[in-house]
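A look at the structure
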Amino acid sequence: MSTRTLVSPATLARPRGRAAYWTVFGGVLLLFVVAFLFPVYWMVSGAMKSPDEVARTPPTLVPEKWSLTGYTDAWELMDLPTHLWNTVVQAAGAWIFQLVLCTAAAYALSRLKPVFGKVILGGILATLMVPAQALVVPKYLTVADLGLLNDPLAIWLPAVANAFNLYLLKRFFDQIPRDVLEAAEIDGAGKLRTLWSIVLPMSRPVLGVVSIFALVAVWQDFLWPLMVFSDTEKQPISVALVQLSQNIQLTVLIAAMVIASIPMVAMFLIFQRHIIAGISAGSTKG
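Let us look at the structure shown here.

Each value, and the rule that gives it
- Residues numbered from 1 in each chain as written.
- Predicted model: local features only at pLDDT ≥ 70, side-chain atom pairs only at ≥ 80, totals over all residues.
- Heavy atoms only, no water.
- Helix = DSSP H or I, 4+ residues; strand = E, 2+ residues; numbered from the N terminus.
- Rg over C-alpha atoms; globule rule 2.2 N^0.38 Å.
- Contact = heavy atoms within 4.5 Å.
- Areas by Shrake-Rupley, 256 points an atom, 1.4 Å probe, with all protein chains shown as cover.
- Lys, Arg positive; Asp, Glu negative; His and termini not counted.
- Charge placed at Lys NZ, Arg CZ, Asp CG, Glu CD.
- 1 Å grid on protein atoms, 1.4 Å probe; cavity = no way out; pocket = protein on both sides within 12 Å on 5 of 7 lines; lining within 4 Å.
- Points joined across faces, edges and corners; volume = space filled by probe spheres on them.
- Nonpolar A, V, L, I, M, F, W, Y, C, P; charged D, E, K, R; others polar.

The next thing to look at is the overall build of the protein. The helix and strand inventory of the protein stands at 15 helices and zero strands. In terms of overall dimensions, the protein is more spread out than a globule: its C-alpha atoms have a radius of gyration of 25 Å, far above the 19 Å expected for 286 residues. Taking the principal axes of the C-alpha coordinates as reference, the protein spans close to 70 × 70 × 35 Å. Taking the intrachain contacts of the protein between residues at least 6 apart in sequence as the baseline, contacts between residues at least 24 apart amount to 73%. When the accessible surface of the protein is summed, it comes to about 17,700 Å², and 69% of that surface belongs to carbon and sulfur atoms. A distance of 19 Å separates the average location of the 20 positive side-chain charges in the protein from that of its 16 negative side-chain charges.

Our focus in this paragraph is the layout of surface pockets. Counted as a void, the largest pocket has a volume near 1,000 Å³. Residue lining of the largest pocket: 31 residues in total, with Ala 132, Lys 139, Pro 158, Ala 161 and Asn 162 positioned closest to the centre. Elements with a contribution of two residues or more to the lining of the largest pocket: helix 5 (80–112), helix 7 (136–145), helix 8 (153–160), helix 9 (163–174), helix 12 (204–220) and helix 13 (223–228). Among the residues making up the lining of the largest pocket, the classes are represented as 24 nonpolar, five polar and two charged. One number sums up the size of the second largest pocket: a volume of about 230 Å³. If you go around the second largest pocket, you meet 12 residues; those closest to its centre are Leu 109, Ser 110, Lys 113, Lys 118 and Lys 170. When contributions to the lining of the second largest pocket are tallied by element, the ones reaching two or more residues are helix 5, helix 6 (117–126) and helix 9. For the lining of the second largest pocket, the residue count by class is three nonpolar, two polar and seven charged.

This part is about the environment of Met 264. With respect to the element layout, Met 264 can be found in helix 15 (residues 250–283). Considering only alpha carbons, one finds Met 264 and Trp 219, 45 residues apart in sequence, at a separation of 8.1 Å. The residues touching Met 264, leaving out its near neighbours within four places in the chain, are Val 216 and Trp 219.

Moving on to the side chain of Ser 211. By secondary structure assignment, the location of Ser 211 is in helix 12. Leaving out residues up to four positions away in the same chain, Ser 211 has contacts with Trp 95 and Leu 99.

So, on to the environment of Ala 132. On the secondary structure map, Ala 132 appears in the loop between helix 6 and helix 7. Considered as a pair, Ala 132 and Lys 118 are 14 residues apart in the sequence and their alpha carbons are 24 Å apart.

Put into structure tokens, the structure is as follows:
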């Protein structure tokens, strides 16, 4: 059965039709590229303008004088190395805790078939219907009672309870062929050995997606770090940008925002195809 398209093969076969098609296609593609990249250019170039120029009306599209002073001042005045390192520590710890515990829980629910496993899974998924804002106060009281304020554990431990990532892992584990696991059992592999040597190597796509989700969630979070870190020296970059922005020039603040966004943008550009691959792999059962 033939598939109908907006432009017929006969039209594309003619030089005029082919030229019109590629002209329209190129124009639409260029429009989307400009729409997505122009805000990035505006932010990066805005940090290179003088304070008077960045506040000028109407704004200038190209800086009158290119200068990296805004970036160097942001790096030094706002102590970005310290806050970036705090963010890396908090994000890395949350990622490790979440990857280990969510993987273990998902594997247990998928392959070990515990008693009341479906009830437990239903209870975990029910937490997705609870607004995150409703859990802020209970989490804060719990962390305060444990004496974890101004401690990275206040970020790491709550991040472990991620129902979405757990369900994503479980759906992927459900799709692993049972023949592969039975062959490992025949060879004498236990449950942990099967998980480590068979399941995890086959689960690299979904583990990559879960890793990205875990890192981005901590990197961009603002409210929770603001509540648990009263010590300025231990605050992540998302909180420090707001706390230190009162007496900072606008160009310096824009430069700090650009620097803070570089790690996440780079990670998305490198691993963007793994996001789609992992989600699609865990969303359908084949």
